[in-house]
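Examination of the molecular architecture
Each chain is listed here by its residues.
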Amino acid sequence: MGSGDTLKLPVIDFTDLKLEANNPNWEAVKSQVHKALVEYGCFEAIFHKVPLDLMKAIFGALQELFDLPLQTKILNVSQKPYHGYVGQYPMVPLYESMGIDDANVYEKVESMTNIMWPNGNPSFSKTIQSFSEQLSELDQIIRKMALESLGVENYLEEHMNSTNYLLRVMKYKGPQTSDTKLGLSTHTDKNIVTILCQNEVEGLEVLTKDGKWISYKPSSPDSFVAMIGDSLHAWSNGRFHSPFHRVMMSGNEARYSAGLFSVPKGGKIIKAPEELVDEEHPLLFKPYDHVEFLKYYYTEQGQREQFALHTYCGV
């Protein structure tokens, strides 16, 4: 790994920040967010809004979920690619994950919960919904700052209303060896913003623009990783970087993580605002439908390509 041991993600403190205006720290934090999204496409967010007991509960809930029999877990299905149960892949044998659409809405979580536990599991539903709701506030703060920093905050309402939330929960089995094994292949996220948290087992690595790997080590129990996906990269006409990242595993312990994804709604066309297209920044991507792109991405050809979005709709 070499220099990957010394490189660190930028750390940004969101303590006491709210979406309401007239916050004295807003401009300073916004400037840090803009710089991090341009240079790294991600950063570590310190966000105290999620209580530590809820953080503990979410990982207990994930363990309970993934301990269910495989025949139960595969009932987590979705018409959208990669929104249902994913596992049993020979390429990444340590990895399995599940998606919970609209995870900030209790009724939606409950309907998924009742498929997994036909007699119900109210504490699981409440934990998932509360966690997602708290994290959605951080997502909205970041996106508001991102748009303001580009001078296109007039699109904010339309931008926020065109997305919903997917909570993707993940388990990586410990490879039972001190050798490092691939937990999840190198990829970029395809959505707007991803907010990730993990249990004490590390493994996330982020690739810098100049090709160096950063091994992420949380600096506090209130730490989350906020990361730009291809949708916001395209919408910002390339101004915000969508970073490649992967998970590398060693040792015996399982790694659990949860990611709140802000995802363009079905039928939503991703199109850069005209204010972000000029001689210095020519248009990079033709307008595209996010779900249609996902369908392409999960084809054999799409999976072979490093920059699938460029092939799909690059100018």
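Residues numbered from 1 in each chain as written. Predicted model: local features only at pLDDT ≥ 70, side-chain atom pairs only at ≥ 80, totals over all residues. Heavy atoms only, no water.

1. Quick look at the overall build of the protein chain
Going by this rule: To qualify as a helix, a DSSP run of H or I must reach at least 4 residues; to qualify as a strand, a run of E must reach at least 2; elements of each kind are numbered from the N terminus. Radius of gyration: over C-alpha atoms. The globule rule applied is 2.2 Å multiplied by the number of residues raised to the 0.38 power. Only protein chains enter the accessibility calculation, which uses a 1.4 Å probe; a residue is then buried when its area is under 20% of its type maximum, exposed when over 50%, and partly exposed in between. Here a residue-residue contact requires only that any non-hydrogen atoms of the pair lie within 4.5 Å. For accessible areas, the Shrake-Rupley method is used with a probe of radius 1.4 Å. Any residue's cover is judged against the shown protein chains and nothing else.
Check the secondary structure of the protein chain and you find ten helices and 13 strands. Against the compact-globule benchmark of 20 Å for 315 residues, the protein chain has a radius of gyration of 19 Å, which places it among compact chains. Once the C-alpha set of the protein chain is aligned to its principal axes, its extents read approximately 55 × 45 × 40 Å. When each of the 315 residues of the protein chain is scored for burial, the buried share is 56%. Considering only contacts in the protein chain between residues 6 or more positions apart, those separated by 24 or more positions represent 76%. Of the roughly 14,600 Å² of accessible surface on the protein chain, a fraction of 51% belongs to carbon and sulfur atoms.

2. Quick look at the layout of surface pockets
For clarity, the threshold we go by: Any residue with an atom within 4 Å of a point lines the site, the site being either a cavity, points on a 1 Å grid over the protein atoms alone where a 1.4 Å probe fits but cannot get out, or a pocket, an open set with protein on both sides within 12 Å along at least 5 of 7 lines. Grid points are joined across faces, edges and corners, and a volume is the space filled by probe spheres set on the points. Only Asp, Glu, Lys and Arg are considered charged in this grouping, and only Ala, Val, Leu, Ile, Met, Phe, Trp, Tyr, Cys and Pro are considered nonpolar; every other residue, Gly among them, is considered polar.
As a volume, the largest pocket reaches approximately 1,000 Å³. What lines the largest pocket is a set of 44 residues, among which Y82, L184, H187, Y297 and Y298 lie closest to the centre. Considering only residue class, the lining of the largest pocket consists of 25 nonpolar, 14 polar and five charged. A volume near 310 Å³ is recorded for the second largest pocket. Lining the second largest pocket are 13 residues; nearest its centre among them are F59, Q198, N199, E200 and P221.

3. Digging into the pattern of salt bridges
Put simply, the rule is: Note on definitions: salt bridges are taken to be side-chain nitrogens of Lys or Arg within 4 Å of carboxyl oxygens of Asp or Glu.
Applying the stated criterion across every chain, the model contains 15 salt bridges. Between K30 and E148 there is a salt bridge; the shortest N-O distance is 2.9 Å. Of this pair, K30 sits in helix α1 (residues 26–39) while E148 sits in helix α5 (residues 122–149); the two residues are 118 residues apart in sequence, bridging distant segments of the chain. Each member of the pair, K30 together with E148, is buried. Of the charged contacts, one joins E292 and K295 as a salt bridge, the two residues approaching to 3.2 Å between their closest N and O atoms. Note that E292 and K295 are positioned in helix α8 (residues 290–297) at a spacing of three residues, about one turn of the helix. We classify E292 as partly exposed; its relative accessible area is 36%. Each of E27, K30, K144 and E148 takes part in salt bridges that share partners, so that together they form one network.

4. Focus: the sheet that holds strand β9 (residues 223–228)
As a reminder, the rule being used: Two strands pair under a simple rule: DSSP has to find at least two bridges between them. In this analysis an axis means a line fitted to C-alpha atoms, helices contributing only their contacting stretch, and an angle means the value between N-to-C directions, from 0 to 180 degrees.
A sheet is described by the order of its strands in space; here seven strands give the open sequence β1-β2-β9-β6-β11-β4-β3, paired in mixed fashion. Across the chains shown, the open sheet's two edge strands, defined by having one partner strand only, are β1 (11–13) and β3 (95–101). Ignoring which end each strand starts from, the neighbouring axes of this sheet average 25° apart. One ladder, built from four bridges, connects strand β6 (residues 193–198) with β9; its direction is antiparallel. Each residue of the ladder has a partner; that of V193, found in β9, is I228. Contacts from α5 reach β2 (42–46), β3, β4 (163–172), β6, β9 and β11 (255–264) within the one sheet, and its direction differs from that of β4 by about 120°.

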